[in-house]
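Structural overview for review
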Amino acid sequence: MEHIVKTTLGKVRGYERDGMIEYLGIPYAKPPVGPLRFKRSVLHDVWNEVFDAKEYGPAPIQYNNGTVIGDEDCLTVNVQRPCEGEHLPVMIYIYGGGYNTGYSADEMYRGEAFARDGILFFSFNYRTNVLGFYDFTTYPGCEDFDSNCGLSDQILAMNWIHENIEAFGGDLSRVTIFGESAGGASVINMLACPGVKGTFTQAIAQSGLPNCVMTHQTARENIDLFLQGMNWTEKDLPRLRVEDPRLFLAGNEYMAARQQYKNPGMFLPGPIQDDLMPVRPIDAIRSGSADGIRLIIGSNMHEGTMFVHPENTGFPNSWTMITQMMEKNGHADALPQIVGFYHPSSHDSFTLFRDSAKSMASSIPPLTGDVRQIGGDPFIRFATDYAFEMPAVKVAAAQKQFTDDVWMYRYELVTKSGIATGWKASHAFELPAVFVKRDHPFAHFVFDGEPEEVFDKISEEMHGTWVRFAKEGQPGDEWDRFTGADSPVRIFDRDTRTERLDRRHLMEIWGDMRFYES
């Protein structure tokens, strides 16, 4: 039996594998090459022959374990569905990777477990790093470049999927978008972007970074470092049009290694505030941009262990850097409360630092060993709260004004490996459970030394809850709705439970402080 579906662009042939039907590597946009490089994505031309959707398309260009992978021509959609059934609940996954890496063919992000559970599963590629999220529009000679190329890919893919859900057997009234890290941030962006309104009904944001949004001016802070890394001046920028984009990765790596030391607390290049995203996501959601959308949002207990390092750190790793971050953004007055919250014993040392020219780092009791190994490390907790937990509570509170259907979670499972390595319940550690990927190398790392029942149980809790939410519009009777900063939160752990977490003090400490927004 042939599995041919008629899409808005033409017919596609799928293949039955392992009890499901897959349609892989369907092009949704014209190849963003030649004159379309650094241009927003354009809908693919209609095709006349049946497109053979047999395998995943290439990844966007990026480094992967030290090797360059991918291709400029990367804008494809994938579909996985059970062999039987119509009007299926739909889930659309947006991969993470700091807007810098990631691709839908990654074994971790394949949706077999969702298809097995009766879900119509979509994923898609979008451009990453230099080709996707660098904004060159304010530089001489680049005025005809577009901003938000990667975001435009996401918006076009979401609209293509929306127009073709019913053709693949999906239910337009049950469409859940979900993603982790930059994918979680992308989910939050979708709540804010006018161009996707009406394409989904509910959302799950895992460990998103809602404030990873640039202005045209703040984007230059990172791009100037890219120029240094390329040994270019602004006069060299026309080379972006014609040179092999794999060469640009060297400048991107240079930027990523140095940007925290130039602007502590700034995010890697991400979406720009422009016509595609006119209002910063949290502010847009506060104004009702996602009115009626049901939302699950949460983070992991020790997100910061993946980012805070003694060298080449991804977030501030000293009081010196935190001081620079606060002062650069006009929040010097808030420094005592920040220091007091994250390092209570340092209050007096902090005062001494303000009265002298001493380094902030030297005025704090010295930390020994790798920063990641110290569980209560203030800089890890600072990064976790600054980038993930505090803004997630703000998103939940913003959306709560427009729907009662908001739920929060926190992933707290610390495995034996998490203890041995010092990573604890770090960023992305929930992904093997969400996708039920017991045999993925990352799952082996996270669950090393644990009995199989631990993985089975946490997978049943997370994956099972996500599926229930997609099917029924609510995650289960044992998970109470979000009510505010002092609120029920679902704790995913060895013994998953709902607990009341009082985060009022955390939210008071951070208030409405804003960073790198102008």
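Residues numbered from 1 in each chain as written. Predicted model: local features only at pLDDT ≥ 70, side-chain atom pairs only at ≥ 80, totals over all residues. Heavy atoms only, no water.

W466 and W510 are the most contacted members of the largest nonpolar core, which has 134 residues in total. Ranked by residues supplied to this core, first place goes to helix α11 (residues 378-400) with 13 residues. The residues contacting W466, other than those within four sequence positions of it, are M91, F114, F178, I204, Q206, I296, Y409, V434, W479 and F492. Ranked by size, the runner-up nonpolar core spans 20 residues in total, among them I223, W232, L237 and M255. (Core = buried A, V, L, I, M, F, W, Y, C linked by side-chain atoms within 4.5 Å. Buried < 20%, exposed > 50% of the residue type's maximum accessible area, 1.4 Å probe, protein only. Helix = DSSP H or I, 4+ residues; strand = E, 2+ residues; numbered from the N terminus. Contact = heavy atoms within 4.5 Å.)

Time to look at the pairing of strand β12 (residues 294-300). Taking burial as the measure, the seven residues of β12 include six buried ones, the bulk of the element. Two elements, β12 and strand β13 (residues 406-411), share six bridges in a ladder whose sense is parallel. Each bridged residue has a counterpart across the sheet, and for N300 the counterpart in β13 is Y411. (Pairing = 2+ DSSP bridges.)

Of the volumes computed, that of the largest pocket is approximately 1,500 Å³. For the largest pocket, the lining is made up of 39 residues, of which G97, G98, N100, T101 and M306 are closest to its centre. Every element with two or more residues in the lining of the largest pocket is listed here: β5 (62-64) and α6 (248-262). Residue contributions to the lining of the largest pocket peak at four residues, all from α6. Residue composition of the lining of the largest pocket, grouped by class: 18 nonpolar, 18 polar and three charged. (1 Å grid on protein atoms, 1.4 Å probe; cavity = no way out; pocket = protein on both sides within 12 Å on 5 of 7 lines; lining within 4 Å. Points joined across faces, edges and corners; volume = space filled by probe spheres on them. Nonpolar A, V, L, I, M, F, W, Y, C, P; charged D, E, K, R; others polar.)

Among the eleven residues in strand β10 (residues 170-180), eight count as buried, and that is most of the element. Across six bridges, strand β8 (residues 88-94) lies against β10 in parallel orientation. Following the sheet pairing, I92 is matched in β10 by I177. One ladder, built from five bridges, connects β10 with strand β11 (residues 202-206); its direction is parallel. For T176, the partnering residue across the bridge sits in β11 and is Q202.

Attention now goes to the side chain of S299. Inspection of the secondary structure assignment puts S299 in strand β12. With residues near it in sequence (within four places) discarded, S299 still touches S207, F388, E389, Y409, R410 and Y411.

Read these as geometric descriptors, not functional statements.
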